[in-house]
Structures are given as C-alpha cells and as structure tokens.
Amino acid sequence: MKITLSVDEKVAQRAREAAQKMGKSLNQAVRDYLEQLAVSSRRGQEWAQFESRCIQSPAQLGGWKLNREEAYVLVYAEASDAPDKQQAALALLKQLYETGTGVLSDLLNPFVLKA
C-alpha cells in the first residue's frame, strides 16, 4: 500500500538524516514506525481483553502474592509478538497448574488449554 504524507521540508530532511544514521531510508524508518504503532495498539487491545478476563474471573487471590515465575507467565502468556517467550510462559503455566502451585494455577485455569 502506498501512502502520501505532507510534511514540512525541514522535518523531512531531519528525519532523512536520522534514518540514515540508523542505516535506513526514510521510507523504511516510516514503515518501521507504523509497524511499531500497529503492534503497540494490538498489545493495548490484548491487555484490555486479558484484564477484563481477570476481572471477570471468580478466582480470588486470598492474600497470595505472585512469585517470579507467575509474573513471567502474566507478562508473556499472550505475547504473540514474542513466540518463544509465549511458549515458555504457557509451558510454565501448565507446569504450575499440574503441580497445583501458586496463584495462577487457579486464577488462569482457562489458559492451560492453549499450551
């Protein structure tokens, strides 16, 4: 898809110079920025959905605190842009569930099916 932008000439020149310092063309720098913008938006939507599921969950923490492994799972379980970390997080979640340890074994039970 081609997009036409209107940009002040001085801004465009400074942007070209900045892109050149990064070893990119201005076109590539703009494409990279748009990709980051799209990923950021998707992450925000995914987080909102995740947060909604957590709020609607009948699980209760009852004074439990997340350990390091559980925090890792929360950060990467839905990280579709980091598939290796996502797979590791889901495997860890499955392990926590199977051993019945930690808060997430009850709180995030539906996610085990993805692993």
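Since this is a predicted model, take the numbers as computed values, not measurements.

**Student:** Teacher, can you tell me more about the overall build of the protein here?
**Tutor:** The secondary structure content of the protein amounts to five helices and zero strands. N-terminal to C-terminal, the α/β element order of the protein is α-α-α-α-α. Burial statistics for the protein: of 115 residues in total, 23% are counted as buried. Approximately 8900 Å² of the protein is accessible, and the part contributed by carbon and sulfur atoms is 54%.

**Student:** Sorry if this is basic, but what is going on with helix H1 (residues 9–21) here?
**Tutor:** An α-helical segment advances 3.6 residues per turn. Residues three or four places apart therefore align on the same side. The end-to-end C-alpha distance of H1 is 18 Å, a good match for the 18 Å that 13 residues give at a rise of 1.5 Å each. Capping the start of H1, Asp8 holds a side-chain oxygen 3.0 Å from the backbone nitrogen of Lys10, two or three residues further along. After H1 finishes, the residue Gly23 shows a positive phi value of roughly 80 degrees.

**Student:** Please explain a nonpolar patch on the surface as it appears in this structure.
**Tutor:** Residues Met1, Ile3, Leu5, Val7, Val11, Tyr33, Leu34 and Leu37 make up a contiguous nonpolar surface patch of roughly 890 Å² in combined accessible area. Considering each element in turn, the nonpolar patch owes the most residues, three residues, to helix H2 (residues 26–56). Among the structural elements, Tyr33 can be located in helix H2.

**Student:** Would you take a moment to explain the confidence of the model for the protein for this structure?
**Tutor:** Predicted coordinates in regions of low pLDDT should not be interpreted in detail. Looking at the protein, pLDDT values average 76 and 76% of them are 70 or higher. For the protein, per-element mean pLDDT is lowest for helix H5 (residues 104–107), which scores 58, and highest for H1, which scores 93. Contacts from residues 111–115, a stretch scored under 50 in pLDDT, to residues over four places away or in other chains number 12 contacts.

Cut-offs applied
- Position numbers for residues start from 1 in each chain and track the written sequence from start to end.
- Given that the model is predicted, a residue must reach a pLDDT of at least 70 before its local features are reported, and side-chain atom pairs must reach 80 or more before they are shown or counted; all residues, however, enter totals for whole chains, interfaces and linings.
- Where side-chain values are given, they derive from all heavy atoms of the structure, hydrogens and water being excluded.
- Under the scheme used here, helices are H or I runs from DSSP no shorter than 4 residues and strands are E runs no shorter than 2 residues, and both carry numbers assigned from the N terminus.
- Any residue under 20% of the maximum accessible area for its type is buried, any over 50% is exposed, and the rest in between are partly exposed; the area is computed with a 1.4 Å probe on protein chains only.
- For the area figures, the Shrake-Rupley method with a 1.4 Å probe applies, and any residue is considered shielded solely by the protein chains shown.
- A helix is expected to reach a length of 1.5 Å times the quantity of its residues less one.
- Under this definition, polar contacts are N or O atom pairs within 3.5 Å; protein pairs additionally need one hydrogen-donor-capable and one acceptor-capable atom, and for neighbouring residues in sequence, both atoms have to be side-chain atoms.
- For patch building, the residue pool is restricted to those with more than 30% relative accessible area and no salt bridge; the joining distance is 9 Å between like charges and 5 Å between nonpolar side chains (Val, Leu, Ile, Met, Phe, Trp, Tyr).
- Salt bridges are defined as contacts in which a side-chain nitrogen from Lys or Arg sits within 4 Å of a carboxyl oxygen from Asp or Glu.
- For every residue, the predictor states its confidence as a pLDDT score lying anywhere from 0 to 100.
- The contact criterion used throughout is that any non-hydrogen atoms of two residues lie within 4.5 Å.

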